[in-house]
Amino acid sequence: MNRIISFFLAVIAFFSDLFGGGTNMKPLFKNEYTIPESTVPYSRIDTSPKTDWKAKYIWDSSDAGEENVWMCMRKSADIDDVPQSLTAYISADSKYRLYINGETVVFEGGTKRGPTADGSYFDSVDIAPYLISGKNIICALVWYWGRDTSFSSTDSGSAGFIFEAGDIISDSGWKVLRNPAFIRDYGEFQPNYRLPEFNICYDARNDIGDWFSPSFDVSGWENAKEYGTGGCEPWGKLYPRGIPLLKDYGLKDYENSADYKGVTVLLKKAITLDIPYNAQCTPYLKIKSKAGKKIRIFTENTWLGAVSDTYITGDGVQEFEAPGWFNGEHITYEIPAGVKILELKYRETGYNTQFSGLFECGDENLNSLWQKSLRTLYVTMRDNFMDCPDRERAQWWGDVTNEMAMMMYSLDPDAYLLYQKGTASMLGHVDPENNILQTVVPSTDSFFELPVQQLAGICGFLNYYMYTGDREYLNFVYDAAVNYINLWSIGEKNLVNHRSGSWDWIDWGSFADVTAVENAWYYCALSSISEMAKVLGKNCDDITARMDKIRKGYESLWTPKGYKSGDVLSPDDRANALAVVSGLAGKEKYGVIKDVLAKTANASPYMEYYVLEALCRMDEYDLARERMLSRYGDMIAEDYSTLWEGWTKINGTMNHAWSGGPLVIMSKYFAGVRPLKAGYKEFVIKPQISGDDTVKCVVPSVKGYITVTETKSGNSFVLDACVPADTTAVVYVPYSAGQTVKLNGSTVYGEGGFTGGSGASFVEISDGFAVFSVDCASETDLRFETAD
């Protein structure tokens with residue numbers, strides 16, 4: 001009971017503000033980052049397993065199936081001449097840390113199992129920089145989870161570690177010891193059942209010392225037991241991890257660390273320390289204490305079922321960094337009386353990609369929303385795209401589809417590897433007996449399908465191609481998409497027969513028109529497959545025939561008030577938005593649909609992205625801004641750096657990337673930058689500025705940065721753009737009759753029409769824009785100006 005009371009006392013200060021009345025009116029959030037000078041080149045992951053292993057899986061001779069075990073492993077290797085490079089191939093069930101000659105080489109290694117239902121991943125690490133001539137000491141701290149329930153990893157049923165670097169291989173010559181300092185936390189606050197990870201509890205009274213130091217004596221340790229060569233069961237085939245090793249930002253002070261440095265705690269105290277933004281991190285402490293005192297470390301997310309840490313003190317001055325990550329902005333150390341605080345720090349780690357995009361305008365609320373969307377995206381990336389980094393850490397494919405779109409406007413192409421890896425894992429779990437694309441993989445559940453999320457995912461396949469131009473990716477997913485779509489049947493009314501899957505879920509929002517939403521998603525998926533077939537030169541007559549049927553059936557749902565089935569009493573915003581996004585709704589229906597989207601707000605933050613997309617496709621940009629600011633208003637104003645799962649801050653997690661659709665909308669439509677041909681071979685810049693304003697946008701395309709600055713002042717407009725090489729920019733310049741348009745100082749359009757001679761081609765005057773096309777063989781600066 002005392003433990004329960006102490007925990008809630010520790011979090012009450014934070015949550016009295018978090019859940020208190022009103023909204024915290026503090027300065028709006030903004031990330032601080034510098035966009036790199038250039039983007040990294042696009043690449044594809046390798047999905048071929050390594051089959052030439054010489055190394056053995058090793059563990060100790062005790063029960064290899066025992067869960068939550070930390071194993072120390074050590075190998076001495078003599079090297080005469082250090083090579084320029086030496087790749088170590090490493091895999092563990094479940095995670096490992098690697099040290100060579102006392103130096104940390106890999107802070108957190110291993111990727112959660114699940115390239116296939118029974119396969120694993122391996123890391124490739126160049127260890128040459130850490131080697132010396134003579135005796136080398138290679139150490140690994142391996143953590144085996146062993147949970148048989150998880151939404152982000154599949155348990156092999158057996159702990160194991162494998163290491164192969166030339167002739168240095170894991171075998172019975174390694175020394176091993178179960179680390180006695182890591183003990184089981186049986187406290188009240190356990191991780192959510194969806195997480196494979198355990199709470200970490202470290203008893204420093206059992207600390208074995210600096211065991212990865214070259215001088216440490218391991219003669220009393222047992223020799224490792226060999227369990228089979230790489231690729232054997234139960235770990236299965238070993239596939240390249242495909243994604244970069246994690247980025248380590250180093251130990252940092254909390255924003256208020258100085259307030260507690262040198263303080264001796266007189267009475268048990270919950271100290272909450274602040275990070276500038278919601279981050280994946282490991283907590284660190286350096287203290288002076290007598291032995292046996294218990295320090296708990298947790299975040300504002302622990303109440304949701306996130307992992308937490310416990311440190312039991314040794315005697316004297318000591319330091320500890322938890323070897324497992326959690327996330328948050330507010331890290332609480334519950335410190336007992338008699339402990340002197342020397343240092344409290346944290347180490348941020350995360351997916352290794354660069355913040356490379358930007359959107360800024362005169363409305364700081366929009367700017368903050370874009371930045372919060374980016375921060376939410378990043379905190380939900382690690383081994384896989386996650387719905388949230390605390391409660392589940394699961395790769396829900398509807399969430400991933402939104403996250404993929406967000407990364408196209410904000411992160412460098414190294415981020416794309418995470419989407420490729422997720423796609424490969426999903427396809428790797430397809431059972432040819434049923435051809436179902438599962439929504440959550442890897443997972444210890446035998447089957448998990450949310451049909452509408454999978455339909456959205458098929459649309460995402462085409463979207464990924466449009467942004468990357470990766471035809472090989474389309475070829476990779478095409479058959480799986482077709483096989484899945486063929487699982488659906490069309491009924492007598494030319495509408496699909498409802499597919500419930502394993503969870504009959506449409507959206508968290510209210511009053512969903514299931515029939516209309518499901519059919520719109522199905523049509524959108526068919527349309528995407530049709531476009532893929534054209535690219536790949538495949539016959540899609542059956543797909544086209546199905547599209548014709550659904551179009552006829554969907555038309556029967558039209559009413560004078562919008563699309564509506566008998567499932568609901570009034571038109572649903574999601575159903576009508578998807579009718580636009582999918583192409584089912586003709587322009588003649590836009591006026592009625594606009595009215596639906598202006599008055600109806602049923603969508604969750606996940607589906608709100610598609611509502612905003614529909615408004616922009618209907619050229620209702622002012623309404624899109626208005627709705628965005630209204631629906632996200634509380635999230636914008638809240639003193640927190642990430643976006644919520646639902647529309648209220650107590651309805652789910654505080655960091656759900658499915659809510660970040662506004663990031664895409666602002667860059668894609670408000671700044672107006674989006675591809676017209678796959679891989680940005682041709683792209684559009686079509687600004688949508690309401691009133692006098694300046695919009696700045698950087699898009700990290702696969703061709704290079706596209707940067708634009710768009711300024712509207714009265715009747716004049718200036719558009720500055722830097723266009724990457726080997727592209728064609730189609731530029732829409734706001735224009736009114738009688739105005740003059742200049743390009744790089746020379747008049748290109750006036751009363752006499754197009755004047756030519758500027759390197760640009762005139763396309764048309766359309767809906768208040770003068771449209772030009774500019775072919776750019778090399779990086780080109782463009783400056784368009786309109787004036788009376």
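What you see is a predicted model; the values in this text were computed from it and never measured. The written sequence of each chain sets the order in which its residues are numbered from 1. With the structure being a predicted model, the display of local features is reserved for residues of pLDDT at least 70 and the display and counting of side-chain atom pairs for 80 or more, all residues being used for whole-chain, interface and lining totals. Heavy atoms from the whole structure form the basis of all side-chain values; hydrogens and water molecules are not counted.

Section: the nonpolar core
Basically, it comes down to this: Residues grouped as a nonpolar core are buried Ala, Val, Leu, Ile, Met, Phe, Trp, Tyr and Cys residues, joined through side-chain atoms within 4.5 Å. Three labels apply to residues, based on accessible area from a 1.4 Å probe with only protein chains included: buried if under 20% of the type maximum, exposed if over 50%, partly exposed otherwise in between. Numbering of helices and strands starts at the N terminus; helices are DSSP runs of H or I of at least 4 residues and strands are runs of E of at least 2.
Counting 156 residues, the largest nonpolar core has Met407, Tyr419, Ile458, Phe461, Trp521 and Phe784 as its most contacted members. Tallying contributions element by element places helix H7 (residues 514–536) first for this core, with 13 residues. Residues Ile137, Ala181, Trp211 and Leu285 belong to the second largest nonpolar core, which totals 44 residues.

Section: the environment of Pro27
Residue position: Pro27 is located in the loop between helix H1 (2–18) and strand E1 (56–59). Judged by its relative accessible area of 75%, Pro27 falls in the exposed class. The sequence separation of Pro27 and Glu233 amounts to 206 residues, and the corresponding C-alpha distance is 55 Å.

Details of the side chain of Asn68
Note the cut-off: A 3.5 Å cut-off defines polar contacts: any pair of N or O atoms within that distance qualifies, except that in protein one atom must be a possible hydrogen donor and the other a possible acceptor, and neighbouring residues in sequence count only when both atoms are side-chain atoms. A contact between two residues is defined here by any heavy atoms of the two lying within 4.5 Å.
For Asn68, the position within the fold is in the loop between E1 and strand E2 (69–79). Overall, the relative accessible area of 11% leaves Asn68 in the buried class. In this structure the side chain of Asn68 is engaged in a polar contact, spanning 2.9 Å, whose partner is the side chain of Trp143. In contact with Asn68, not counting residues within four places along its chain, are Trp143, Tyr144, Trp145, Arg184, Phe198 and Asn199.

Side note on the packing of aromatic side chains
For clarity, the cut-off: Aromatic rings from Phe, Tyr and Trp, with only the six-membered ring used for Trp, were paired whenever their centres fell within 6.5 Å, and each pair was classed as stacked if the ring planes differed by under 30 degrees, edge-to-face if by over 60, and tilted otherwise.
Tallied over the full model, the rule gives 59 aromatic pairs. A ring pair is formed by Tyr484 and Trp488, whose centres lie 6.3 Å apart and whose planes are at 80°; its orientation type is edge-to-face. As far as burial versus exposure is concerned, Tyr484 and Trp488 are alike and both buried. Look at Tyr609 and Tyr610: their rings are 4.8 Å apart centre to centre, the planes differ by 45°, and that puts the pair in the tilted class. With relative accessibility at 7%, the residue Tyr610 sits in the buried group. Among the aromatic residues, those joined into a cluster by ring pairs are Phe151, Tyr193, Trp396, Phe448, Trp503, Trp505, Trp508, Trp521, Tyr606, Tyr609, Tyr610 and Trp658.

Here's the deal with the packing of helix H11 (residues 605–617) against helix H12 (residues 621–631)
Just so we agree on the cut-off: Simply put, an axis is a line fit to the C-alpha atoms, just over the touching stretch for a helix, and the angle between two N-to-C directions goes from 0 to 180 degrees. To sort the angles, those under 35 degrees are grouped as roughly parallel, those over 145 as roughly antiparallel, those from 65 to 115 as roughly perpendicular, and the leftovers as oblique. Handedness of a helix crossing follows the sense of rotation of the near helix relative to the far helix, less than a right angle counterclockwise being left-handed and clockwise being right-handed. For this scheme, ten residues count as nonpolar: Ala, Val, Leu, Ile, Met, Phe, Trp, Tyr, Cys and Pro. Four count as charged, namely Asp, Glu, Lys and Arg, and the remainder, Gly too, count as polar.
Contact geometry of H11 with H12 gives a least axis separation of 8 Å together with a crossing angle of 160°. The angle between H11 and H12 falls in the class roughly antiparallel. In this structure, H11 crosses over H12, and the sense of that crossing is left-handed. Taken together, the residues of H12 that come into contact with H11 (itself represented by Glu608, Val611, Leu612, Leu615 and Cys616) are Tyr621, Leu623, Ala624, Arg627, Met628 and Arg631. Within the contact of H11 with H12, the residues separate by chemical class into eight nonpolar, no polar and three charged.

Regarding the packing of H12 against helix H14 (residues 661–670)
Between H12 and H14, the least distance of the axes is 12 Å, while the angle of their chain directions is 155°. Here H12 is positioned roughly antiparallel relative to H14, judged by the angle of their axes. Read as a crossing pair, H12 and H14 show a hand that is left-handed. In contact with Tyr621, Ala624, Arg625 and Met628 of H12, H14 contributes Pro662, Ile665, Met666, Tyr669 and Phe670.

Looking at helix H2 (residues 364–379)
Counting along an α-helix, one turn takes 3.6 residues, and residues three or four places apart therefore face a common direction. Convention followed: For a helix, the expected span equals 1.5 Å multiplied by the number of residues minus one.
In a regular helix each residue adds 1.5 Å, so 16 residues correspond to 22 Å; H2 covers 22 Å between its end C-alpha atoms and thus fits that length. Burial runs high along H2: 14 of the 16 residues are buried. Of the residues flanking the start of H2, the one acting as N-cap is Asp363, its side-chain oxygen 2.9 Å from the backbone nitrogen of Asn365.

Describing the environment of Gly102
Within the fold, Gly102 resides in the loop between strand E4 (95–100) and strand E5 (103–109). When the C-alpha positions of Gly102 and Thr380 are compared, they lie 32 Å apart, and in sequence the two are 278 residues distant.

Some details on the sheet that holds strand E28 (residues 693–701)
Counted only if it meets this: Only when DSSP finds a minimum of two bridges between them are two strands counted as paired.
The strand order E23-E28-E29-E30-E37-E32-E33-E34 describes an open sheet built from eight strands, whose pairing is antiparallel. Two strands bound the open sheet, and with one partner strand each, they are strand E23 (358–360) and strand E34 (753–754). Note: E23 against E28, three bridges, orientation antiparallel. Paired with Leu358 across the two strands is Val698, which belongs to E28.

Some words on the pairing of strand E33 (residues 746–750)
Across three bridges, the pairing between strand E32 (residues 740–743) and E33 is antiparallel. If you follow Leu743 over to E33, its bridge partner there is Ser746. Connecting the antiparallel pair E32 and E33 is a turn made up of two residues, with Asn744 showing a positive phi of about 50°. One ladder, built from two bridges, connects E33 with E34; its direction is antiparallel.

Focus: the sheet that holds strand E27 (residues 682–685)
Taken in spatial order, the five strands of this open sheet run E26-E27-E31-E36-E35, and their pairing is mixed. For this open sheet the edge positions go to strand E26 (673–677) and strand E35 (760–766), each flanked by a neighbour on one side alone. Each adjacent strand pair in this sheet contributes to an overall mean axis angle of 25°, direction not counted. Here strand E31 (residues 727–734) pairs with strand E36 (residues 769–776) via eight bridges, running antiparallel. Note on E36: the bridge partner recorded for Val733 is Ala770.

Comments concerning the confidence of the model for the protein
Residues shown with low pLDDT carry predicted positions that ought not to be read at fine detail. Threshold: Values of pLDDT, ranging from 0 to 100, describe the predictor's confidence in every residue of the model.
Confidence in the prediction for the protein averages 95 pLDDT; 97% of positions are at 70 or higher. Note that residues 1–24 has pLDDT below 50 and, in this model, 45 contacts with residues that lie over four places away or in other chains.

Describing the pattern of salt bridges
As a reminder of what qualifies: One speaks of a salt bridge when a side-chain nitrogen belonging to Lys or Arg is within 4 Å of a carboxyl oxygen belonging to Asp or Glu.
All told, the structure shown has 45 salt bridges when counted by the stated rule. Glu108 is the salt-bridge partner of Arg382, the closest N and O atoms lying 2.7 Å from each other. Within this pair, whereas Arg382 is found in the loop between H2 and helix H3 (397–407), its partner Glu108 is found in strand E5, the two being separated by 274 residues in sequence. One exposure class covers both Arg382 and Glu108, and it is buried. What you see here is one network of salt bridges that share partners, running through Asp507, Asp572, Asp573, Arg574, Glu608, Arg627 and Arg631.

Quick word on the side chain of Asp185
For Asp185, the position within the fold is in the loop between strand E11 (182–183) and strand E12 (200–203). There is a polar contact of 2.8 Å between the side chain of Asp185 and the backbone nitrogen of Gly187.

A short note on the pairing of strand E8 (residues 160–165)
Across the six residues that make up E8, a large majority, six, are buried. Burial along E8 is two-sided: Gly160, Ile162 and Glu164 and Phe161, Phe163 and Ala165, pointing in opposite directions, are all buried. One ladder, built from five bridges, connects strand E3 (residues 87–93) with E8; its direction is antiparallel. What sits directly across from Ser91, in E8, is Ile162. Bridge analysis of E8 against strand E9 (residues 168–169) gives two bridges, and the strand direction is antiparallel. Directly across from Ala165, in E9, lies its bridge partner Ile168. Taken together, E8 and the strand that follows it, E9, pair antiparallel across an intervening segment of two residues, in which Gly166 is found at a positive phi of about 65°.

Topic: unusual backbone geometry
Of the consecutive residues Glu233 and Pro234, the connecting peptide bond is found in the cis state with omega at 10°. Note on placement: Pro234 falls in the loop between strand E14 (225–229) and strand E15 (238–240). Put simply, Val441 and Pro442 share a cis peptide bond, and its omega is -5°. As for its placement among the helices and strands, Pro442 is situated in the loop between helix H4 (416–428) and helix H5 (451–468). In this structure, Asp726 takes a positive phi of about 60° despite not being glycine. If you trace the backbone, Asp726 turns up in the loop between strand E30 (716–723) and E31. For Asp726, a relative accessible area of 39% corresponds to the partly exposed category.

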